[in-house]
Amino acid sequence: MKFDHKVFRFWREQRRLTLEECAKAVGASKASVSKWEAGTVIPRPAKIRAIAKLFNISVYDISDLPPEPEIISRTEMLEETFQDPMFDIIVRAWSKLTAADKGEVVEFISNKIKAQK
């Protein structure tokens, strides 16, 4: 994965944020932000998304992350699974299930998600 540390620095300075302020806003340490800016470390995808949100820019302005529609598609699949009436029943009964039953539930949900692909 690529991360454009020069663009990152440009936007941080454009927004007049200190390293500490930027770190706090994206849930990282000042040292991490400093390393991102120097180009010695590439932030994780979740941090890149947080950075883009903070600066109100696209993740594509600072990285080569996978297309957003792929992520949206996965979210939609999960939402469909959560709307299944059986899922609601399982959630309410979860604390009463044995470990074996929980394993079967996890397998059931995994199969539902796979079937939606």
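Use the structure listed above.
Procedures and definitions
Residues numbered from 1 in each chain as written. Predicted model: local features only at pLDDT ≥ 70, side-chain atom pairs only at ≥ 80, totals over all residues. Heavy atoms only, no water. Helix = DSSP H or I, 4+ residues; strand = E, 2+ residues; numbered from the N terminus. Buried < 20%, exposed > 50% of the residue type's maximum accessible area, 1.4 Å probe, protein only. Contact = heavy atoms within 4.5 Å. Areas by Shrake-Rupley, 256 points an atom, 1.4 Å probe, with all protein chains shown as cover. Polar contact = N/O pair within 3.5 Å; in protein donor to acceptor, adjacent residues only side chain to side chain. Axes fitted to C-alpha atoms, helices over the stretch in contact; angles between N-to-C directions. Parallel < 35°, antiparallel > 145°, perpendicular 65-115°, else oblique. Nonpolar A, V, L, I, M, F, W, Y, C, P; charged D, E, K, R; others polar. Patch = residues over 30% accessible without salt bridge, like charges linked within 9 Å, V, L, I, M, F, W, Y side chains within 5 Å. Salt bridge = Lys/Arg side-chain N within 4 Å of Asp/Glu carboxyl O. Core = buried A, V, L, I, M, F, W, Y, C linked by side-chain atoms within 4.5 Å.

### With respect to the overall build of the protein
Part 1 of the reasoning: For the protein, the helix and strand inventory stands at seven helices and zero strands.
Part 2 of the reasoning: For the protein, the N- to C-terminal ordering of α and β elements is α-α-α-α-α-α-α.
Part 3 of the reasoning: The burial tally for the protein puts 22% of its 117 residues in the buried class.
Part 4 of the reasoning: In the protein, the share of contacts with a sequence separation of at least 24, taken over all contacts with a separation of at least 6, comes to 50%.
Part 5 of the reasoning: Within the structure as shown, the protein displays about 8200 Å² of accessible surface, and the carbon and sulfur contribution to it stands at 56%.

### A word on the side chain of Arg-12
Part 1 of the reasoning: With respect to the helices and strands, the residue Arg-12 is situated in helix α1 (residues 5-14).
Part 2 of the reasoning: In terms of polar contacts, Arg-12 uses its side chain to reach the side chain of Glu-37, at 2.5 Å.
Part 3 of the reasoning: Discounting residues that sit within four places of it in the chain, Arg-12 has contacts with Leu-17, Thr-18, Leu-19, Cys-22, Glu-37 and Phe-55.

### Some details on the packing of α1 against helix α3 (residues 30-38)
Part 1 of the reasoning: Packing of α1 against α3 brings their axes to within 7 Å, and their N-to-C directions diverge by 120 degrees. Judged on the interaxial angle alone, α3 and α1 are oblique. For the pair α1 and α3, contact is made by His-5, Phe-8, Arg-9 and Arg-12 and by Val-33, Trp-36, Glu-37 and Ala-38, respectively.
Part 2 of the reasoning: Partitioning the contact of α1 with α3 into residue classes produces four nonpolar, one polar and three charged.

### Remarks on the environment of Ala-46
Part 1 of the reasoning: By the element assignment, Ala-46 lies in helix α4 (residues 45-55).
Part 2 of the reasoning: Linking Ala-46 and Val-26, residues 20 residues apart in sequence, is a C-alpha distance of 9.3 Å.

### Some remarks on a nonpolar patch on the surface
Part 1 of the reasoning: Taken together, the side chains of Met-86, Ile-89 and Phe-108 define a hydrophobic patch exposed on the protein surface, amounting to about 270 Å² of accessible area.
Part 2 of the reasoning: For Met-86, the location among the structural elements is in helix α6 (residues 85-93).
Part 3 of the reasoning: Judged by relative accessible area, which is 40%, Met-86 ranks as partly exposed.

### Looking at the nonpolar core
Part 1 of the reasoning: With 15 residues, the main nonpolar core has Phe-3, Phe-8, Trp-36 and Ile-51 as its most contacted residues.
Part 2 of the reasoning: Secondary-structure elements contributing two or more residues to this core are α2 (19-26), α3 and α4.
Part 3 of the reasoning: Top element by residues in this core is α4. It accounts for four residues.

### As for the packing of α2 against α3
Part 1 of the reasoning: Look at α2 against α3: their axes get within 8 Å of each other, and the N-to-C directions meet at 105 degrees. When the axes of α2 and α3 are compared, the pair comes out roughly perpendicular. Each of Leu-19, Glu-20, Cys-22, Ala-23 and Val-26 in α2 lies in contact with α3, whose residues at this interface are Lys-30, Val-33, Ser-34, Trp-36 and Glu-37.
Part 2 of the reasoning: Of the residues belonging to the contact of α2 with α3, the class tally is six nonpolar, one polar and three charged.

### Quick notes on the pattern of salt bridges
Part 1 of the reasoning: Within this structure, the stated rule accounts for four salt bridges.
Part 2 of the reasoning: As a salt-bridge pair, Arg-12 and Glu-37 come within 2.5 Å of each other at their nearest N and O atoms. Highlighted residues: Arg-12 in helix α1 and Glu-37 in helix α3, separated in sequence by 25 residues. Accessibility assignment for this pair places Arg-12 and Glu-37 in one class, buried.
Part 3 of the reasoning: Lys-30 is the salt-bridge partner of Glu-20, the closest N and O atoms lying 3.6 Å from each other. On the criterion of sequence distance, the pair formed by Glu-20 in helix α2 and Lys-30 in helix α3 is long-range, its members being ten residues apart.
Part 4 of the reasoning: Overlapping salt bridges, with partners in common, bring together Arg-9, Arg-12, Glu-13 and Glu-37 in one network.

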